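Now for the letters of each chain:
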Amino acid sequence: MPPTRRDLATAETRRLILEAAKDLYLEKGYRLAPTRELARRAGVAEGTVFAHFPDKASLLAAALHEDLELAIGEARATLPPGDAPCRERLLHLAGALYAYYAQNPGLSRALVKESLFLGGEWGGHVRDAVMRFIGLVGSLVEEAKARGEYALDVDAAVAGKTFFAAYYLELLGGLSGPGFDPLLVRNALEGHLRLWERGLLKH
């Protein structure tokens, strides 16, 4: 069933709100961007903004969602070849995301903070994105197992969660400082990976 004129109008209003939100957040920062000005730029009433997005945190997550998805998509498209060490492929993936967050550390801090316990529709989207990232890591680990790089009894799903935990820890560390150097953060993550690959047990 084709979309109705009302559906099209709703989608266009949503697009205008997200476009205005992204521009305003990049210009003024998340905390200093009043919803009233955002609505004015989008050409809608302030109440219309909250009819589409229940709170400012959801609006922030929605406004930056597409950019994050593009960053992940580009990282996947430019992964080192399948015969490259898995560690190199995982660090490429994480490094691309660190580079994205480094473009605007202030806005990235707000996104990470507001997304942590976000509920509703956009909280679901954030959690889905995390699980897709973990699943992607798991698939890279499975490929490494298949070519004999990692042991066959490695649980790829657990490995994906472990990698994400280290990735996220270093992301928080990088965003906590006055600046954000994506290379330094990536190198710190590599330390986790090398320990992860070596294991803790004495051989």
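See the structure shown above.
Computed from a prediction, not measured in an experiment: that's the story for all the values here.

Parameters and conventions
Residues numbered from 1 in each chain as written. Predicted model: local features only at pLDDT ≥ 70, side-chain atom pairs only at ≥ 80, totals over all residues. Heavy atoms only, no water. Axes fitted to C-alpha atoms, helices over the stretch in contact; angles between N-to-C directions. Helix = DSSP H or I, 4+ residues; strand = E, 2+ residues; numbered from the N terminus. Parallel < 35°, antiparallel > 145°, perpendicular 65-115°, else oblique. Left-handed = near helix turned anticlockwise from the far one by under 90°. Contact = heavy atoms within 4.5 Å. Salt bridge = Lys/Arg side-chain N within 4 Å of Asp/Glu carboxyl O. Buried < 20%, exposed > 50% of the residue type's maximum accessible area, 1.4 Å probe, protein only. Phe/Tyr/Trp six-rings, centres within 6.5 Å; stacked < 30°, edge-to-face > 60°. Polar contact = N/O pair within 3.5 Å; in protein donor to acceptor, adjacent residues only side chain to side chain. Core = buried A, V, L, I, M, F, W, Y, C linked by side-chain atoms within 4.5 Å.

Caption draft 1: The packing of helix α5 (residues 86-102) against helix α9 (residues 182-198), seen in detail. The contact between α5 and α9 brings their axes to 9 Å, and the two run at 150°. The angle between α5 and α9 falls in the class roughly antiparallel. Of the two possible hands of crossing, α5 and α9 adopt the one that is right-handed. In this structure, α5 uses Arg87, Leu90, Leu91, Ala94, Tyr98, Ala99 and Ala102 to contact α9, whose residues at the interface are Pro182, Val185, Arg186, Leu189, Glu190, Leu193, Arg194, Trp196 and Glu197.

Caption draft 2: A look at the pattern of salt bridges. Applying the stated criterion across every chain yields a total of 15 salt bridges. Ionic pairing is found between arginine 15 and glutamate 19, a salt bridge with its closest N-O pair at 3.1 Å. Of this pair, arginine 15 and glutamate 19 both sit in helix α1 (residues 5-28), separated by four residues, roughly a single helical turn. Exposure remark for glutamate 19: the relative accessible area of 42% places this residue in the partly exposed category.

Caption draft 3: Layout of the packing of aromatic side chains. Here the structure, examined in full by the defined rule, presents ten aromatic pairs. A ring pair is formed by tyrosine 98 and tyrosine 167, whose centres lie 5.1 Å apart and whose planes are at 15°; its orientation type is stacked. Within this pair, whereas tyrosine 98 is found in helix α5, its partner tyrosine 167 is found in helix α8 (residues 156-176), the two being separated by 69 residues in sequence. A relative accessible area of 0% places tyrosine 98 in the buried class. Residue classification places tyrosine 167 among the buried residues on the basis of a relative accessible area of 4%.

Caption draft 4: Representation of the environment of aspartate 55 within the structure. Positionally, aspartate 55 belongs in the loop between α3 (46-52) and α4 (56-77). In sequence terms aspartate 55 and leucine 118 are 63 residues apart; their C-alpha atoms lie 9.9 Å from each other. In this structure aspartate 55 touches Phe50 and Leu118, once residues within four positions along its chain are discounted. There is a polar contact of 3.4 Å between the side chain of aspartate 55 and the backbone nitrogen of alanine 57.

Caption draft 5: Representation of the nonpolar core. One finds Tyr25, Leu38, Leu59, Tyr101, Phe163 and Tyr167 to be the most contacted residues of the largest nonpolar core, which totals 62 residues. Put simply, the parts of the chain that give this core at least two residues each are α1, α2 (35-42), α4, α5, α6 (105-115), α7 (120-146), α8 and α9. For this core, the element with the highest residue contribution is α4, accounting for eleven residues. Apart from the residues lying within four places of it in its own chain, the contact partners of tyrosine 167 are Ala94, Leu97, Tyr98, Tyr101, Phe133 and Leu189.

Caption draft 6: Spatial organisation of the side chain of histidine 52. Topologically, histidine 52 is positioned in helix α3. On the basis of relative accessibility, which here comes to 17%, the residue histidine 52 falls in the buried class.

Caption draft 7: Broad picture of the environment of glycine 160. Here glycine 160 shows up in helix α8. C-alpha of glycine 160 to C-alpha of glutamate 19: the two residues are 141 residues apart in sequence and 33 Å apart in space. If near-sequence neighbours (up to four positions away) are discounted, glycine 160 is found in contact with Ile134, Val137 and Gly138.

Caption draft 8: Summary view of the environment of proline 85. Looking at where proline 85 falls in the secondary structure, it is placed in the loop between α4 and α5. Judged by relative accessible area, which is 38%, proline 85 ranks as partly exposed. The spatial distance from the C-alpha of proline 85 to the C-alpha of aspartate 181 is 24 Å, given a sequence separation of 96 residues. Residues within four places of proline 85 in sequence aside, it is in contact with Arg147 and Glu149.

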